[in-house]
Amino acid sequence: MGDIYNSEVWTEKYRPQVFEDMVGQEEILKRVKSLVDSMNIPHLLFAGPAGVGKSTLALIIVRRLFGASWRENYLELNASDERGIDVVRQKVKDFARTKALGDVPFKVIFLDEADALTREAQQALRRTMENYTSTCRFVMSCNYSSKILDPIQSRSVVFRFQLLDRKDIKKRIDLIAEREGLVISNDAFSALYEASEGDCRRVINLLQATASISPNVTPDLVNTIVSKAKPSDIKIVLDYALSGDFVNAKEKLLEIMLKESISGQDVIKAIQREIWNLPIDDGVKVALTEKTGEAEFRLVEGADEFIQLEALLAGFIRAGMGDVKEVKGEN
Amino acid sequence: MNLKNVPWCEKYRVYELEDIKGQDLAVDKIKVFLKSFPKKRAIVLHGPPGVGKTSLAYAVAGEMGAEILELNASDFRNKAKIGEIVGPASRQASLFGKGKIILIDEVDGISAMKDRGGLAELLGLLAKSAFPIIVTANDIWNKKFSLLRKKAELVQLKEIDSKVVLKILMDVCEKEDVVVTGEVLKGIAIRARGDIRAALNDLEVLSKMDSESLMQEVGDRDREKSVFDALKKVFQGSGIDEEMLRVYDGVNMPIDDLFLWVEENLAVAYKGEELCLALERLSLADVYRGRIRRQRHWRFMVYEYFLLGAGIANVKKYDRSGWVQYKKPSRILKIWLQNQRAAKKKSICVKYAKACHVSVKGAMKDFMLLRIILGGESVRKELDLSGDEIAYLDKV
């Protein structure tokens, strides 16, 4: 086992430091390890859902390559925060200008959430990758590789990360429980796992929040934390819409989105799940789900997320008026 | 110089580098460019109107002790004229001891078709100029500039933060000895959306009226009267005639703003089934807007405007009469206010994101959970949270 990183935040404290500590992704680990062992890596693109080890693997790679001087040879940028490609480029330039320290002839830039970059920014990134290829390697992460331009993909080796198995996450949680002196029942682990959808970071965050109340982690305690941490209920919005009150539905929706800093995509996800708990006929539920799918599509295609969500609310208003055929807006 | 009749946006144009607000990154880049000249011969400052592109060029020139030779798009129609200005200048490189910078302002004005020669001329100048060239442009991503993009260094100027605009407005108020309440100034600053020129124009108009109640009207200059007329036509008329098809022609407002106005008033004008149908059409109009933005397929604008006008009008069967109080868009303001309130949350998340390899956005989203994790003394110390931030965490 690698040493424990000195942090009070468990996602950091228990972030695997060496290949051997990582759980899941066996095939990827094998291939990446052999690349790193040759002390030369190509540009890498890690695609996969949140909390499965993309950033962790990037950190392991640079530690392995650069040893103790990894911090001097590594730059981490998050594309969803630094959306201006100019900022990215400037930072890349400043970083790449100086020679790598140590035996490895290049530095590594980790560009997290690269799919948040616009097309134009990606075009610019592609040039940047080429310009600095002798001094820099890019490791990029994204949720969907389809959102990354082909030219960038073709310049990188793409690895597709899988959702972690329950047993793999369990392994990590058991280790934390042992080190932190926690008692976690099987049911409590199930509750943690269910609430996290295979996102290991979220599991650990939930665990730390729960353990801050008691070292005896029970399902009830987990659920209390989950409901505390849950974004405000989107159901209120839907209830307003079903009752025909568009104005309040819209107000509430905007309020929730702003207060909780959630995106239109997140709202759609919550609505799609909530539909099945609504007191309406199955036929209407099906129609509403179809409409939700269409709204998600338009949200990707359109310019203003909020307008698309408002249009989706129209479907719920119609459902409230009891007209199934009308829900989808087919006249 | 008699400054009495000079518009404020010109009167208060800044010529000193230290007075340029909110564009530090760009300033640095220009300096680097000038130092490394002639590695690249031109730099393009691009960004929305009123963010200070021209001012920046003059300020940098001032600081370097260089003289500006200004050319604008129309000069390029005339080959002889360019030769006249730039030719000798280029050759007499060091005669005056004082350096020169060529400023080509508002290059968007060069049309790819009509001024084909003009663009070529510009590119030719780029290749051989003995002086650094600064070009300003609104939309550098336009196809016609592909060669220019390759040859020149690009610097994007961001929209000015509304807080910075507010500060500039307060400065001007003091110098002009005008008394305007903070709320009103804030309103102007927000509505300007990063355009300092627009903000100063608004302030100047406002200062010349005697009653503060007139502020309501100034908000979007003369745009509001026309938008109210258009909304009345769309929301109260039902037939699609020639006038309806061109209903937004007279509205002097970016289409993004138009969307906000229509969206805000949809529920004012319609109820029930009509509202649902209108929302559907608005949604489709927005889809075309997104496609135009991403694919630059401008023909989609036909459908965008049609759906936003005739499409939304046509959800009703008969004309409506009577006077309806249409509202100003409030969403942007609400977003701004929320961001002000959430400033502490954001600064906490910035610190967390840096320490834990996640995005600030991701941290904001998980904030409800993180605030529990960030409850302990030692973790707060580790992230170096300030007293204010800790107080915020304890409050929520």
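The structure this text deals with has already been given above.
Residues numbered from 1 in each chain as written. Chains lettered and ligands numbered in written order. Predicted model: local features only at pLDDT ≥ 70, side-chain atom pairs only at ≥ 80, totals over all residues.

## Focus on the overall build of chain B
Check the secondary structure of chain B and you find 21 helices and 5 strands. Burial status across chain B gives 34% buried among its 396 residues. Across chain B, every contact between residues at least 6 apart in sequence was considered, and the portion connecting residues at least 24 apart equals 73%. (Helix = DSSP H or I, 4+ residues; strand = E, 2+ residues; numbered from the N terminus. Buried ≥ 20, exposed ≤ 12 C-beta atoms within 10 Å, placed from the backbone. Contact = placed C-beta atoms within 7 Å.)

## What to know about the nonpolar core
Judged by nonpolar contacts, the single largest core of 58 residues is most densely connected at Ala241 and Leu313 of chain A together with Ala278 and Leu282 of chain B. Non-local contacts of Ala278 of chain B, meaning those with residues more than four positions away in its chain, are made with Leu266, Tyr270, Ile312 and Val315 of chain B. Ranked by size, the runner-up nonpolar core spans 50 residues in total, among them Val51, Ala61, Phe131 and Ala137 of chain B. (Core = buried A, V, L, I, M, F, W, Y, C linked by C-beta atoms within 7 Å.)

## With respect to helix α14 (residues 272-295) of chain B
If you check α14 of chain B, its first and last C-alpha atoms are 35 Å apart, about what 24 residues at 1.5 Å a residue would give, namely 34 Å. Following α14 of chain B by one or two positions, Arg296 of chain B has its phi on the positive side, about 55°. (Expected span 1.5 Å × (residues − 1).)

## A short note on the sheet that holds strand β4 (residues 136-142) of chain A
Residue and element names in this part refer to chain A. If you trace the 5 strands from one edge of the open sheet to the other, you get β2-β3-β4-β1-β5, paired in parallel fashion. Only two strands of the sheet have a single neighbouring strand rather than two, namely β2 (74-78) and β5 (156-160). With strand direction ignored, the average angle separating the axes of adjacent strands in the sheet is 15°. In this structure, strand β3 (residues 107-112) lies alongside β4, joined through 5 bridges in parallel fashion. If you follow Val108 over to β4, its bridge partner there is Arg137. (Pairing = 2+ DSSP bridges. Axes fitted to C-alpha atoms, helices over the stretch in contact; angles between N-to-C directions.)

## With respect to the environment of Ile30 of chain B
All names here are of chain B. Secondary-structure assignment places Ile30 in helix α2 (residues 24-36). Sequence separation between Ile30 and Ile43 is 13 residues; the distance between their C-alpha atoms is 7.4 Å. Setting aside residues no more than four positions away along its own chain, Ile30 makes contact with Ile43, Val60 and Val155.

## Examining the interface of chain A and chain B
Chain A puts 44 residues into the contact, and the matching count from chain B is 40 residues. Listed by contribution, the elements that provide at least two residues to the side of chain A that touches chain B are α1 (10-13), β2, α4 (85-97), α9 (200-211), α10 (219-229), α12 (246-259), α14 (282-301) and α15 (305-320) of chain A.

## A few points about the pairing of strand β4 (residues 133-137) of chain B
Residue and element names in this part refer to chain B. Judged by how many residues are buried, β4 sits mostly within the fold: 5 of 5 residues are covered. Judged by which residues are buried, β4 turns out to be covered on both faces: Ile133, Val135 and Ala137 on one side and Ile134 and Thr136 on the other are all buried. Alignment of strand β1 (residues 42-46) against β4, held across 5 bridges, turns out to be parallel. Across the sheet, His46 pairs through a bridge with Ala137, a residue of β4. Note: strand β3 (residues 100-105) against β4, 3 bridges, orientation parallel. The residue of β4 that forms the bridge with Leu103 is Ile134.

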